[in-house]
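Chain by chain, the residues run as shown.
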Amino acid sequence: KVPSTGERARLWGELALRCFSAGAEHLGRSIAQNDLVPALNSITDEGFRRLAVVEAAPALFKVHREIAFDELTKVPTETCDEALAEICGFIITGQPRGEPIEASRGTGFKVTFAAALDILDCLERMTKDYMLFTAVCRLTSSVIRAESPLTREQRTEVARRLQALVSGKFPCPS
């Protein structure tokens, strides 16, 4: 048994994400709900809790996006932005942080319209332009790639929302 509740939360989050990546959605959800959430709630060290929330954010989002967004309102802005960036990275690549990915720079990933909308929802909650920039670039590369599953109308909607987001967020005043 791992004695540290923080380390337990990090391990449960990693396992849940690996289940989601492998297509074992039901198992990933079960681990996130029954093991990850209680482990996160039992962390008493606030600094370690922030680290664990960042790493667990994609798993929490996969289980229930509003619960994940609510959890992120309880952490400092910088931590929230890091967690949102983690969520975006997982949605785009389908892989936990640190895993090798199969796309060369600028070619994008296969992103569905629903995934693009989830990413846009995360981007709208971000405040730091340097974190927004990376996710916007990855989303844009994925949407415009020739093999994208998005229809012309869906691409137009994503472009419209991206333009509104960029107009309202760049440059960051801080």
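Everything in this summary refers to the structure shown in the same document.

Criteria and thresholds
- Residues numbered from 1 in each chain as written.
- Predicted model: local features only at pLDDT ≥ 70, side-chain atom pairs only at ≥ 80, totals over all residues.
- Heavy atoms only, no water.
- Helix = DSSP H or I, 4+ residues; strand = E, 2+ residues; numbered from the N terminus.
- Rg over C-alpha atoms; globule rule 2.2 N^0.38 Å.
- Buried < 20%, exposed > 50% of the residue type's maximum accessible area, 1.4 Å probe, protein only.
- Contact = heavy atoms within 4.5 Å.
- Areas by Shrake-Rupley, 256 points an atom, 1.4 Å probe, with all protein chains shown as cover.
- Lys, Arg positive; Asp, Glu negative; His and termini not counted.
- Charge placed at Lys NZ, Arg CZ, Asp CG, Glu CD.
- Polar contact = N/O pair within 3.5 Å; in protein donor to acceptor, adjacent residues only side chain to side chain.
- Core = buried A, V, L, I, M, F, W, Y, C linked by side-chain atoms within 4.5 Å.
- Phe/Tyr/Trp six-rings, centres within 6.5 Å; stacked < 30°, edge-to-face > 60°.
- Lys NZ or Arg CZ within 6 Å of the ring centre and 35° of its normal.
- Axes fitted to C-alpha atoms, helices over the stretch in contact; angles between N-to-C directions.
- Parallel < 35°, antiparallel > 145°, perpendicular 65-115°, else oblique.
- Left-handed = near helix turned anticlockwise from the far one by under 90°.
- Nonpolar A, V, L, I, M, F, W, Y, C, P; charged D, E, K, R; others polar.

Take the overall build of the protein chain next. Of regular secondary structure, the protein chain possesses 8 helices and 0 strands. N-terminal to C-terminal, the α/β element order of the protein chain is α-α-α-α-α-α-α-α. For the protein chain, the C-alpha radius of gyration of 16 Å lies close to 16 Å, the compact-globule estimate for 174 residues. Overall size of the protein chain, expressed as C-alpha extent along the three principal axes, is 50 × 40 × 25 Å. Across the 174 residues in the protein chain, those meeting the buried criterion constitute 42%. Taking as baseline every contact in the protein chain between residues at least 6 positions apart, the subset at least 24 positions apart corresponds to 67%. Roughly 9300 Å² of accessible area belongs to the protein chain as shown, and the carbon and sulfur atoms make up 55% of that amount. In the protein chain, which carries 22 positive and 23 negative side-chain charges, the distance between the mean positions of the two groups comes to 2 Å.

Below, the discussion takes up the side chain of S148. Structurally, the position occupied by S148 is in the loop between α7 (129-144) and α8 (152-169). At 3.3 Å, the side chain of S148 and the backbone nitrogen of L150 are in polar contact. If sequence neighbours within four positions are ignored, S148 has contacts with S142, V143 and R155.

So, about the environment of E25. Secondary-structure assignment places E25 in helix α2 (residues 25-41). Along the backbone, E25 and L123 are 98 residues apart, and their C-alpha atoms lie at a distance of 24 Å. When neighbours within four sequence positions are excluded, E25 is seen to be in contact with C19, F20 and K62.

A general tendency of soluble globular proteins is for nonpolar side chains to be buried together. Ranked by internal contacts, the top residues of the largest apolar core, which has 51 residues, are L40, L123 and L139. Elements supplying a minimum of two residues to this core: α1 (5-21), α2, α3 (46-63), α4 (65-72), α5 (77-93), α6 (113-125), α7 and α8. The biggest single contributor to this core is α3, with 9 residues. Residues within four places of L139 in sequence aside, it is in contact with I92, V111, A116, I119, L120, L123, V158 and L162.

Our focus in this paragraph is the packing of aromatic side chains. Given two aromatic rings, one states the distance between the centres and the angle between the planes to describe the pair. Here the structure, examined in full by the defined rule, presents 1 aromatic pair. Residue placement shows K62 over the ring face of F20; its charged tip is 5.3 Å from the ring centre. Lying across the ring of F69, R125 places its NZ or CZ 3.6 Å from the centre.

Turning next to the packing of α5 against α6. Close contact between α5 and α6 brings their axes to 9 Å; oriented N to C, the two are set at 165°. Taken as axis vectors, α5 and α6 run roughly antiparallel relative to one another. Our pair here, α5 against α6, has a crossing hand that is left-handed. Across from D81, L84, I87, C88, I91 and I92 in α5, the residues of α6 making contact are A115, D118, I119, C122, L123 and R125. Partitioned by chemical class, the residues of the contact of α5 with α6 number 9 nonpolar, no polar and 3 charged.

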